[in-house]
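Each chain, letter by letter, is given below.
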There are 2 protein chains.
Amino acid sequence: MRLIYRGKTKDVYEDGEHLIFHFKDSILGFKGKEDTGGNEVIGARKGKGNTVLQQTAFFFSLLEEHGIKTHFVERIDERNAKFLKAEKIPLEVIYRFKAYGSFLRRYGEHRALQELNIVEFTLKDDALGDPLICDEAVEKLGIASKGEIEEMKRITRKVAQILKEFFESRGLEIIDFKLEFGRKNGELLVIDEISGDTMRVMKDGQVLKQEEILEVIE
Amino acid sequence: MRLIYRGKTKDVYEDGEHLIFHFKDSILGFKGKEDTGGNEVIGARKGKGNTVLQQTAFFFSLLEEHGIKTHFVERIDERNAKFLKAEKIPLEVIYRFKAYGSFLRRYGEHRALQELNIVEFTLKDDALGDPLICDEAVEKLGIASKGEIEEMKRITRKVAQILKEFFESRGLEIIDFKLEFGRKNGELLVIDEISGDTMRVMKDGQVLKQEEILEVIE
């Protein structure tokens, strides 16, 4: 297997027609503080990679059950899983039920937990700090077509509904989550991972830690 | 007359049903360097306020001739002009013919002068650095309605066409400009100013200084 990408929370290997993701124990944060919405590695915790893998397998399967196409194939072991190769679209597609994290850093802390129900795009570019990007710029910079933009929003809103119902039925509230998309055979697939690292979930007004979300799905 | 706003480049007084703008000699820049797209005062130049006033009177009249509604009433003297009062919408509406300025700081200098033809909104909030904001957030934060968003975009594209033709007929190229909008009697008006401070114009690959744009309209 050939290593094709060394990431903050996972390494990606190529295996013929498939990709193998190796999930690492890195903890993400913002300015040194643990935050699932953060974009820097602030440390490591044993077992964290396995947790993310379990969550990703669980949530991708949940989406597939609801007719959403993803690139997930199967778990291999405690740390590795198999995915379909797809052409990555360099965007993070964020669904915000309520205002939190980078939305508040952008528009002011006084908006904390204000109801939004919006889809936002950020350009995946660590050096530029994953800046917000609006539909027209996405299209004119050739990142995605107008049709793909609408389709990503449609799928993201559907995923939002699925996740909201899932967490509500367990007495929890999802605040925001992000998806990534890839192209395969002219279709859009949800790719990358879906885990406690890519969503914020609250219980009694507190954001759950990544491992606490695992308890919910077990 | 009552002073109601002390700004970086102008002070605004209330005079019955009207506003009186007093144009100052401040020069705007970004990180200490003169830049019409900048948001900080980096110095002053004698006569600059008068130049901006002449430009604003000229461009507002040009727009009115093309059927665009603005809040401009008349020039009073070298430094002051009269405008209609309108309820200000706290957005800057930016039209980008080509990539420049804050667009490059956001998405990378390698995109310099790439063709865009897009409308962008930023939230007018100096403390937050006038952050980019996309349509759905504008609507859900209650800043403007969906109808107003579409109407601001429609007017901005029409203004883009008018300004492009104006500068092209003089051998110049407009790179970007920004508008502000206000509500009056259920209608949207173009408000604030339109001058060398709110647009970038190029000649032979060089961005013109604010005063050089004045020469074009004289």
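Residues numbered from 1 in each chain as written. Chains lettered and ligands numbered in written order. Predicted model: local features only at pLDDT ≥ 70, side-chain atom pairs only at ≥ 80, totals over all residues. Heavy atoms only, no water.

- By the naming in an unreviewed UniProt entry, chain A is Phosphoribosylaminoimidazole-succinocarboxamide synthase, taken from Palaeococcus pacificus DY20341.
- Note on chain A: under the UniProt heading Pathway (unreviewed entry), the record states "Purine metabolism; IMP biosynthesis via de novo pathway; 5-amino-1-(5-phospho-D-ribosyl)imidazole-4-carboxamide from 5-amino-1-(5-phospho-D-ribosyl)imidazole-4-carboxylate: step 1/2." (UniProt positions renumbered as here; feature names shortened; annotations may be inferred.)

### Comments concerning the interface of chain A and chain B
Accessible area lost when the parts come together is the quantity often used to give the size of an interface.
Part 1 of the argument: At the interface, 24 residues of chain A touch 24 residues of chain B.
Part 2 of the argument: Interface area lost by chain A to chain B is led by Tyr107(A), Glu136(A) and Leu141(A), which between them contribute 28%.
Part 3 of the argument: In this structure, the connection of chain A to chain B is made through four salt bridges.
Part 4 of the argument: Among the ionic pairs, Glu136(B) bridges to Arg157(A), the shortest N-O distance being 3.5 Å. (Contact = heavy atoms within 4.5 Å. Buried area = accessible area lost by both parts, 1.4 Å probe. Salt bridge = Lys/Arg side-chain N within 4 Å of Asp/Glu carboxyl O.)

### Remarks on the domain arrangement of chain A
Residue and element names in this part refer to chain A.
Part 1 of the argument: Under the domain assignment, chain A is made up of domain 1 (2–84) and domain 2 (87–217).
Part 2 of the argument: Each of domain 1 and domain 2 has a C-alpha centre, and the two are 16 Å apart.
Part 3 of the argument: Surface buried jointly by domain 1 and domain 2 totals about 2,900 Å² across both partners, of which 58% is contributed by carbon and sulfur atoms.
Part 4 of the argument: Considering only the surface of domain 1 that becomes buried against domain 2, Thr36, Gln55 and Phe59 emerge as the three largest contributors, covering 21% of it.
Part 5 of the argument: At the boundary of domain 1 with domain 2, the tally comes to 14 residue pairs in polar contact (both at pLDDT 80 or more).
Part 6 of the argument: Among the elements of the structure, β3 (18–23), β4 (26–30), α1 (48–65) and β8 (80–84) are those that each provide at least two residues to the side of domain 1 that touches domain 2.
Part 7 of the argument: The biggest single contributor to the side of domain 1 that touches domain 2 is α1, with eleven residues.
Part 8 of the argument: Grouping the constituent residues of the side of domain 1 that touches domain 2 by class yields 13 nonpolar, eleven polar and six charged. (Domains from an automatic or database assignment. Polar contact = N/O pair within 3.5 Å; in protein donor to acceptor, adjacent residues only side chain to side chain. Helix = DSSP H or I, 4+ residues; strand = E, 2+ residues; numbered from the N terminus. Nonpolar A, V, L, I, M, F, W, Y, C, P; charged D, E, K, R; others polar.)

### With respect to the state of the cysteines
Part 1 of the argument: In the structure shown here, the tally under the stated rule is one disulfide over all chains.
Part 2 of the argument: Note that Cys134(A) is cross-linked by a disulfide to Cys134(B), the S-S spacing being 2.2 Å. On the sign convention where negative is left-handed, the bridge of Cys134(A) and Cys134(B), at about -90° about the S-S bond, is left-handed. Highlighted residues: Cys134(A) in the loop between β12 (132–133) and α3 (135–140) and Cys134(B) in the loop between β12 (132–133) and α3 (135–140), drawn from two different chains.
Part 3 of the argument: According to the relative accessible area criterion, Cys134(B) is buried, its value standing at 9%. (Disulfide = S-S within 2.5 Å. Buried < 20%, exposed > 50% of the residue type's maximum accessible area, 1.4 Å probe, protein only.)

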